[in-house]
Amino acid sequence: MNLPNRLTLARIILIPVFMTFLLLQVPKGHTLFPHQDMVAAVIFIFASATDGLDGYIARKRHQVTNLGKFMDPLADKLLVSAALISLVELGAVPAWVAWIILAREFAVTGLRAIAAVDGVVISASKLGKIKTITQVVAITAILLHDWPLSLIGIHVGQPFLYIALIFTVISGLDYLLKSRKLLHK
């Protein structure tokens, strides 16, 4: 269990902590303490930041492991899924948008699993990385209620959500085309 894998595991462990801060309300509609949603946003930002950090450290220190290759994308999908489902629950994200994003994640995971059986690795593409960045930016902006830009009347969370949706669909189609070529060799 090297440092990159510990960071990935920390990201997974932070998911229920993030969800607790975001969703725990007593009674319905009242938070436990002021700025509870901001604490959830900070946890999400920190957990998201570990994604790039664990991969960087693993490559830099030559500590790439099979466990890390499995856990890292799983942790990413779990974090984004938890955030989207929570935001649907709070009425901040339309369910159909979350469904398309989650469907793409399941489909890509399935394609990777099928390819892996044949010894083929489908690596993350630039489109996939852009998709992840736009999703994290959108979720973060929504969690922060567009703060600080909302102070001057600028709202970026929802527009970024739809940008993330576009990159989600495009990158999903890209993976589908890549896997089709690789699996028919």
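Worth saying up front: this structure is predicted, and the values here are computed from it rather than measured. (Residues numbered from 1 in each chain as written. Predicted model: local features only at pLDDT ≥ 70, side-chain atom pairs only at ≥ 80, totals over all residues. Heavy atoms only, no water.)

A.B. asks: Describe the environment of Val17, listing the residues and the values that go with them.
C.D. replies: The topology assignment puts Val17 in helix α1 (residues 3-23). Taking the relative accessible area as the measure of exposure, Val17 reaches 33% and is therefore partly exposed. Remark: the alpha-carbon pair of Val17 and Pro148, spanning 131 residues in sequence, is separated by 24 Å. (Helix = DSSP H or I, 4+ residues; strand = E, 2+ residues; numbered from the N terminus. Buried < 20%, exposed > 50% of the residue type's maximum accessible area, 1.4 Å probe, protein only.)

A.B. asks: Give a description of the packing of aromatic side chains that names residues and reports values.
C.D. replies: Following the criterion strictly, the structure yields two aromatic pairs and no others. With a centroid separation of 5.6 Å and an interplanar angle of 45°, the aromatic rings of Phe18 and Phe44 are classed as tilted. With a gap of 26 residues between them, Phe18 in helix α1 and Phe44 in helix α2 (residues 36-60) connect regions that are remote in the sequence. Grouping residues by exposure puts Phe18 and Phe44 together as buried. Taking the centre distance of 6.2 Å and the plane angle of 40° together, the rings of Trp96 and Tyr162 count as tilted. Of this pair, Trp96 sits in helix α4 (residues 95-117) while Tyr162 sits in helix α6 (residues 157-183); the two residues are 66 residues apart in sequence, bridging distant segments of the chain. With relative accessibility at 47%, the residue Trp96 sits in the partly exposed group. Classification of Tyr162 as partly exposed rests on a relative accessible area of 31%. (Phe/Tyr/Trp six-rings, centres within 6.5 Å; stacked < 30°, edge-to-face > 60°.)

A.B. asks: Could you give an account of the pattern of salt bridges, naming the residues involved and the relevant values?
C.D. replies: In the structure shown here, the tally under the stated rule is seven salt bridges. Glu105 is the partner of Lys131 in a salt bridge, and the nearest nitrogen-oxygen pair spans 2.9 Å. Here the residue Lys131 occupies a position in helix α5 (residues 126-143), and Glu105 occupies one in helix α4, the gap between them amounting to 26 residues. Residue Lys131 shares its accessibility class with Glu105, and that shared class is buried. Overlapping salt bridges, with partners in common, bring together Arg11, Asp51, Asp54, Asp72 and Asp76 in one network. (Salt bridge = Lys/Arg side-chain N within 4 Å of Asp/Glu carboxyl O.)

A.B. asks: Describe the packing of α2 against α5, and please don't skip the residues or the numbers.
C.D. replies: It is at 9 Å that the axes of α2 and α5 come closest, and there the two elements cross at 165°. Here α2 lies roughly antiparallel to α5, going by the angle between them. Between α2 and α5 the crossing geometry is left-handed. For the pair formed by α2 and α5, the contact residues are Asp37, Ala41, Phe44, Ile45, Ser48 and Asp51 on the first element and Thr132, Val136, Ile139, Thr140 and Leu143 on the second. Looking at the contact of α2 with α5 residue by residue, the classes come out as six nonpolar, three polar and two charged. (Axes fitted to C-alpha atoms, helices over the stretch in contact; angles between N-to-C directions. Parallel < 35°, antiparallel > 145°, perpendicular 65-115°, else oblique. Left-handed = near helix turned anticlockwise from the far one by under 90°. Contact = heavy atoms within 4.5 Å. Nonpolar A, V, L, I, M, F, W, Y, C, P; charged D, E, K, R; others polar.)

A.B. asks: Residues and numbers for α4, please.
C.D. replies: Here α4 spans 33 Å end to end across 23 residues, near enough to the 33 Å set by a 1.5 Å rise per residue. Every buried residue of α4 is accounted for by Val97, Ala98, Ile101, Leu102, Arg104, Glu105, Val108, Leu111 and Ala115. Within two residues after α4, Gly119 carries a phi angle of roughly 80°, on the positive side. (Expected span 1.5 Å × (residues − 1).)

A.B. asks: Now, about the environment of Gly128: what can you tell me, with residues and values included?
C.D. replies: Residue placement: Gly128 occurs in helix α5. Looking at Gly128, the relative accessible area reads 6%, which means it is buried. Distance from Gly128 to Ser171, taken between C-alpha atoms, is 5.4 Å for residues 43 residues apart in sequence. Once residues within four sequence positions are removed from consideration, Gly128 is found in contact with Arg104, Ser171 and Tyr175.

A.B. asks: Please set out the side chain of Thr8 residue by residue, giving values where relevant.
C.D. replies: With respect to the secondary-structure elements, Thr8 resides in helix α1. In contact with Thr8, other than residues within four places in its own chain, are Asp54, Met71, Asp72 and Ala75.

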